[in-house]
Amino acid sequence: MNIENVSVNRRNILRGAVAAAVLIPFSTTLASCATGGGGGGGGGPKGEVTADNPFGLATDSKIDSVIFDGGYGTDYVEYAAKILEKQHDGVTAKVSASTKISQELQPRFVGGNPPDLVDNSGADSIGFSTIMDQIEDLTDVIDAKNLEGDTIRDTLYAGALDPGTFGDKFAAVNYVMTIYGVWYSASLFEEKGWEVPTTWADLKDLGAKAKEDGKYLFCWGQEAATYYQTMSIGAAIKQGGDEVRLALENLEEGCWSKQAIQDVFTAFKEIIDAGYMKPGGAGTQFTAAQAQWSNDQAAILYPSGSWIENEMKDQTKEGFEMKGFPTPALDENAKMPPEAVRATAGEPFIVPSQANNVAGGKELLRVMLSKDAATNFAKTKLAPTVVKGLVPEDGFGSTALVSQTDMLDAAGENIYNWKFVDLYGMNSDQLTLWNQFLAGKMSVADLTAGLQEITDRVRNDDSIDKVEVK
């Protein structure tokens with residue numbers, strides 16, 4: 001699971017937004033515990049710099065990587081590590097899995113012994129503002145040749161570098177393209193004669209039809225309750241446009257009281273009060289809840305990022321034919337068209353400057369960005385990487401992957417994103433509110449007040465660096 005974090009893109013993604021794959025910053029004392037960063041030579045043994053070894057990876061050196069073990073697992077990095085070991089005799093690349101990046105790596109950053117490569121993802125990822133001076137500028141990775149001899153920068157989707165760029169520093173390679181939408185079974189919809197909703201009135205009508213059929217419209221799990229916040233924010237931005245997006249991004253006073261947000265919350269409350277949410281989500285583990293949708297089909301829709309197919313591949317009903325559609329705006333008066341979709345590059349990889357083998361971390365990233373490794377990811381994870389042009393028309397047999405590319409094609413330039421939740425580490429606090437709201441135990445006014453309190457707390461905390469979004 002990549003809670004409020006993750007990955008898809010295709011053409012001019014990130015229009016009007018810079019997506020930071022940042023979650024839950026850890027102690028600000030960490031930022032002052034280590035030195036270095038910003039594209040220096042890095043630490044570790046040095047080897048000869050050649051066309052096939054652009055970072056000077058030393059012979060017989062060891063590479064230590066820690067990879068977030070979420071919806072994409074870690075085997076795709078292991079695949080790249082094996083390629084690297086064949087390319088560099090005597091080099092060994094270790095890939096360790098973690099679900100608690102911040103918790104497990106904080107002592108290593110403080111101790112000056114961080115891994116050589118980190119997939120800084122998941123609900124417990126490291127806030128970039130706390131470690132910006134401790135990680136490498138990765139411009140040299142993007143300007144290097146891939147294993148096929150092409151400059152990596154030229155092989156990437158437009159906008160793919162934006163999420164990892166902070167000011168004038170390119171600090172993270174976001175590896176996976178993620179599209180956010182609402183997912184469903186195309187075979188079930190065809191069987192029932194249901195149409196894909198384009199407004200929240202359509203959603204409510206579909207909920208009534210599902211209820212008649214003994215099913216729920218939505219279900220949720222405790223750790224992923226904020227997936228419905230993501231859906232609601234997306235709907236409000238489509239409805240109200242940049243005015244809504246910028247108010248949230250810049251933590252404005254009263255931002256959650258914007259009319260478009262209030263209208264979406266009110267429409268959502270009607271869905272909840274009508275009994276269209278499957279009860280018990282606040283006490284259900286998130287993948288178990290997702291299986292209620294993908295395997296049991298007790299619920300017919302589920303909002304998520306495009307990692308959902310791979311995450312649930314072992315718990316999806318045969319013949320499900322998973323597809324997605326863009327989050328619906330509130331109504332036909334929306335400022336953005338129905339095809340508009342939220343998409344961004346995610347799964348941020350960083351190279352700590354105090355690592356024992358900085359060259360090794362960068363070389364492993366270079367291999368991951370080769371056509372071989374990137375194609376392997378798309379084929380096995382059913383999601384595209386930032387390396388363009390590697391997904392065939394049949395999507396490797398995945399209806400969900402074809403659906404992703406179809407949504408991006410239909411959206412054209414109508415692609416949007418936001419980053420404030422991840423940038424300021426709000427997700428864990430917001431989870432409590434959304435679990436209560438989805439369970440029918442909280443009013444729209446209470447939800448609004450709670451979300452505004454979280455936002456105000458960040459805005460008024462002078463110790464937190466703010467990023468102005470225009």
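The structure contained in this document is the topic of the report that follows. (Residues numbered from 1 in each chain as written. Predicted model: local features only at pLDDT ≥ 70, side-chain atom pairs only at ≥ 80, totals over all residues. Heavy atoms only, no water.)

**Here we look at the overall build of the protein**
The helix and strand tally for the protein stands at 17 helices and ten strands. Relative to its length of 470 residues, the protein is compact, with a C-alpha radius of gyration of 22 Å against a globular reference of 23 Å. When the backbone C-alpha atoms are referred to their principal axes, the protein occupies close to 70 × 50 × 40 Å. With 470 residues in all, the protein has 59% of them scored as buried. Of the contacts made within the protein by residues no fewer than 6 positions apart, 80% connect residues no fewer than 24 positions apart. As displayed, the protein has an accessible area near 17,200 Å², and 45% of this comes from carbon and sulfur atoms. (Helix = DSSP H or I, 4+ residues; strand = E, 2+ residues; numbered from the N terminus. Rg over C-alpha atoms; globule rule 2.2 N^0.38 Å. Buried < 20%, exposed > 50% of the residue type's maximum accessible area, 1.4 Å probe, protein only. Contact = heavy atoms within 4.5 Å. Areas by Shrake-Rupley, 256 points an atom, 1.4 Å probe, with all protein chains shown as cover.)

**Some remarks on the pairing of strand E1 (residues 62-68)**
With six of its seven residues buried, E1 lies for the most part within the structure. Here E1 pairs with strand E2 (residues 92-98) via seven bridges, running parallel. Looking across to E2, one finds that isoleucine 63 is bridged to alanine 93. Note that the unit made of E1, helix H1 (residues 75-87) and E2 has a crossover that is right-handed. By the bridge criterion, two bridges tie E1 to strand E3 (residues 117-119) in an arrangement that is parallel. The partner of serine 65 across the bridge, within E3, is leucine 117. (Pairing = 2+ DSSP bridges. Right-handed = clockwise from strand over helix to strand, strands pointing away.)

**Brief notes about unusual backbone geometry**
The phi dihedral of aspartate 60 falls on the positive side, at around 65°, and the residue is not glycine. Relative to the elements of secondary structure, aspartate 60 occurs in the segment before E1. Given a relative accessible area of 55%, aspartate 60 falls into the exposed group.

**A closer look at the packing of aromatic side chains**
Applying the stated criterion across every chain, the model contains 25 aromatic pairs. Arranged with centres 6.3 Å apart and planes meeting at 20°, the rings of tyrosine 416 and tryptophan 418 form a pair that is stacked. Of the two residues examined, tyrosine 416 and tryptophan 418, each falls in the buried class. Counting every residue linked through ring pairs, the aromatic cluster contains Trp200, Phe218, Tyr228, Trp256, Phe265, Phe268, Phe420, Trp434 and Phe437. In this structure, arginine 342 packs its charged tip against the face of tryptophan 418, placed 3.8 Å from the ring centre. (Phe/Tyr/Trp six-rings, centres within 6.5 Å; stacked < 30°, edge-to-face > 60°. Lys NZ or Arg CZ within 6 Å of the ring centre and 35° of its normal.)

**Topic: the nonpolar core**
If you look at the biggest cluster of nonpolar residues, it comprises 129 residues, and the most contacted ones within it are Phe268 and Leu301. In terms of residues, this core owes the most to one element, strand E6 (residues 173-185), which gives nine residues. When neighbours within four sequence positions are excluded, phenylalanine 268 is seen to be in contact with Trp200, Tyr228, Met231, Ser232, Met277, Trp434, Phe437 and Leu438. (Core = buried A, V, L, I, M, F, W, Y, C linked by side-chain atoms within 4.5 Å.)

**Re the packing of helix H6 (residues 200-212) against helix H9 (residues 259-273)**
Where H6 meets H9, the axes come as close as 10 Å, and the angle between the chain directions of the two elements is 5°. Classed by the angle they form, the pair H6 and H9 counts as roughly parallel. Facing Trp200, Leu203 and Lys204 of H6, the residues of H9 in contact are Val264, Ala267, Phe268, Glu270 and Ile271. Tallied by class, residues from the contact of H6 with H9 come to six nonpolar, no polar and two charged. (Axes fitted to C-alpha atoms, helices over the stretch in contact; angles between N-to-C directions. Parallel < 35°, antiparallel > 145°, perpendicular 65-115°, else oblique. Nonpolar A, V, L, I, M, F, W, Y, C, P; charged D, E, K, R; others polar.)

**Some words on empty space enclosed by the protein**
Taken as a whole, this structure holds five cavities of 30 Å³ or more when the rule is applied. For the largest cavity, the calculated volume is near 110 Å³. Elements supplying a minimum of two residues to the lining of the largest cavity: E6, helix H7 (227-240) and strand E7 (302-305). Split by residue class, the lining of the largest cavity holds seven nonpolar, six polar and two charged. (1 Å grid on protein atoms, 1.4 Å probe; cavity = no way out; pocket = protein on both sides within 12 Å on 5 of 7 lines; lining within 4 Å. Points joined across faces, edges and corners; volume = space filled by probe spheres on them.)

**A word on the pairing of E7**
Neither face of E7 is exposed, since Tyr302 and Ser304 on one face and Pro303 and Gly305 on the opposite face are all buried. Of the pairings in the sheet, the one linking E6 to E7 comprises four bridges and is antiparallel in character. Bridge pairing in E7 links valine 182 to proline 303.

**Examining the environment of threonine 385**
Residue position: threonine 385 is located in the loop between helix H13 (371-381) and helix H14 (399-411). Its relative accessible area of 2% is what places threonine 385 among the buried residues. Separated by twelve residues in the primary sequence, threonine 385 and alanine 373 place their C-alpha atoms 9.7 Å from one another. In this structure, threonine 385 is in contact with Tyr157, Tyr175, Val176, Met177, Ala374 and Phe377, ignoring residues within four places of it in sequence. At 3.1 Å, the side chain of threonine 385 and the backbone nitrogen of valine 387 are in polar contact. (Polar contact = N/O pair within 3.5 Å; in protein donor to acceptor, adjacent residues only side chain to side chain.)

**Some remarks on helix H17 (residues 444-459)**
For H17, with 16 residues, the first-to-last C-alpha span of 22 Å sits near the 22 Å given by 1.5 Å per residue. What H17 keeps buried is the set Val444, Leu447, Thr448, Gly450, Leu451, Gln452, Ile454, Thr455 and Val458. Among the structural elements, H7, H9 and helix H16 (427-438) are those in contact with the buried residues of H17. (Expected span 1.5 Å × (residues − 1).)

**As for the environment of tryptophan 434**
When you line up the elements, tryptophan 434 lands in helix H16. A residue is classified by how much of its surface remains accessible, and tryptophan 434, at 0% relative accessible area, is buried. If near-sequence neighbours (up to four positions away) are discounted, tryptophan 434 is found in contact with Ala225, Thr226, Tyr228, Gln229, Ser232, Phe265, Phe268, Leu447 and Leu451.

**Some points on the packing of H1 against helix H12 (residues 358-368)**
Packed helix pairs are specified by the crossing angle of their axes together with the interaxial distance, meaning the distance between the axes. In contact at an axis separation of 9 Å, H1 and H12 are set at 105° when each is read in the N-to-C sense. Between H1 and H12, the angle falls in the class roughly perpendicular. Counted together, Tyr76, Val77, Ala80, Ala81, Ile83 and Leu84 of H1 and Glu363, Leu364, Val367 and Met368 of H12 form the full contact between these two elements. Grouping the constituent residues of the contact of H1 with H12 by class yields nine nonpolar, no polar and one charged.

**Notes on H1**
If you check H1, its first and last C-alpha atoms are 19 Å apart, about what 13 residues at 1.5 Å a residue would give, namely 18 Å. Those residues of H1 that fall on the buried side of the exposure criterion are Tyr76, Val77, Ala80, Ala81, Ile83 and Leu84. The arc that holds every buried residue of H1, seen down its axis, measures 160°, which confines them to one face. In H1, the exposed positions angled more than 90 degrees off the buried face are occupied by Lys82 and Lys86. (Arc of directions from axis to C-beta.)

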